[in-house]
Amino acid sequence: MGLWFCTEGWRVGWMVRLDKALDEWYPGDPHRHAKYRDYPWYRLETMPTSTQLVLASAAAARAAKIVLAQMTAYSVDQAGVDDANRLSMEIEDQARRWLLT
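Because the structure is a prediction, the values reported are computed rather than measured.

Chemist: I would appreciate a short explanation of the side chain of Asp23 in the present structure.
Modeler: With respect to the helices, strands and loops of the structure, Asp23 is situated in strand E4 (residues 21–25). Only 2.6 Å separates the side chain of Asp23 from the side chain of Trp14, close enough to count as a polar contact. Those residues in contact with Asp23, other than ones at most four positions away along the chain, are Trp14, Met15, Val16, Tyr39, Trp41, Arg43, Val67 and Met71.

Chemist: Quick question: what am I supposed to make of the layout of surface pockets here?
Modeler: With a probe scaled to a water molecule rolled over the atoms, the places where space remains empty come into view. Approximately 190 Å³ is the volume attributed to the largest pocket. If you trace the largest pocket, you find 15 residues lining it, with Gly13, Trp14, Met15, Ala61 and Ala64 closest to the centre. Only strand E3 (14–18), helix H1 (53–71) and helix H2 (78–99) provide two or more residues apiece to the lining of the largest pocket. Among the elements that line the lining of the largest pocket, the one with the most residues is H1, at five residues. For the lining of the largest pocket, the residue count by class is 12 nonpolar, two polar and one charged. Its volume calculated, the second largest pocket comes out at about 150 Å³. Residue lining of the second largest pocket: Leu22, Asp23, Glu24, Trp25, Tyr26, Arg32, His33, Tyr36, Tyr39 and Arg43, and that is the complete set. The residue inventory of the lining of the second largest pocket, partitioned by class, reads five nonpolar, one polar and four charged.

Chemist: I keep staring at the sheet that holds strand E2 (residues 9–12) and nothing clicks. Help me out?
Modeler: Sheet strands pair via backbone hydrogen bonds, and the direction of the pair is either parallel or antiparallel. The strand order E1-E2-E5 describes an open sheet built from three strands, whose pairing is antiparallel. The sheet is open, and its two edges are formed by strand E1 (2–5) and strand E5 (49–50), each paired on a single side. Where E2 and E5 come together, two bridges link them in antiparallel fashion. From the neighbouring strand, Trp10 faces E5, where its bridge partner is Ser50. Against the sheet, H1 contacts E2 and E5, and its axis sits at roughly 20° relative to E2.

Cut-offs and rules
- Residues numbered from 1 in each chain as written.
- Predicted model: local features only at pLDDT ≥ 70, side-chain atom pairs only at ≥ 80, totals over all residues.
- Heavy atoms only, no water.
- Helix = DSSP H or I, 4+ residues; strand = E, 2+ residues; numbered from the N terminus.
- Polar contact = N/O pair within 3.5 Å; in protein donor to acceptor, adjacent residues only side chain to side chain.
- Contact = heavy atoms within 4.5 Å.
- 1 Å grid on protein atoms, 1.4 Å probe; cavity = no way out; pocket = protein on both sides within 12 Å on 5 of 7 lines; lining within 4 Å.
- Points joined across faces, edges and corners; volume = space filled by probe spheres on them.
- Nonpolar A, V, L, I, M, F, W, Y, C, P; charged D, E, K, R; others polar.
- Pairing = 2+ DSSP bridges.
- Axes fitted to C-alpha atoms, helices over the stretch in contact; angles between N-to-C directions.

This is the structure in structure tokens:
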């Protein structure tokens, strides 16, 4: 999820869901997550921003990948963990493609 701001460029967030675990960081409200301080997920100091969408997207994708890895502890079964691991590799592949653009 990305939004353009003339003062900072692209601001990119994410939405990650695995079974009943959910995390989102919406670019239009970058401080909304502070309302849910008890969430155990990793959080960057600031939402990824860049004048280049590919750089902000790659940073957000890698942060979402970390969140997804932490969510596997909350998966209801091994199939969910396997799906998350497979998706994590796809996320990393996409992030690398963005960085090599």
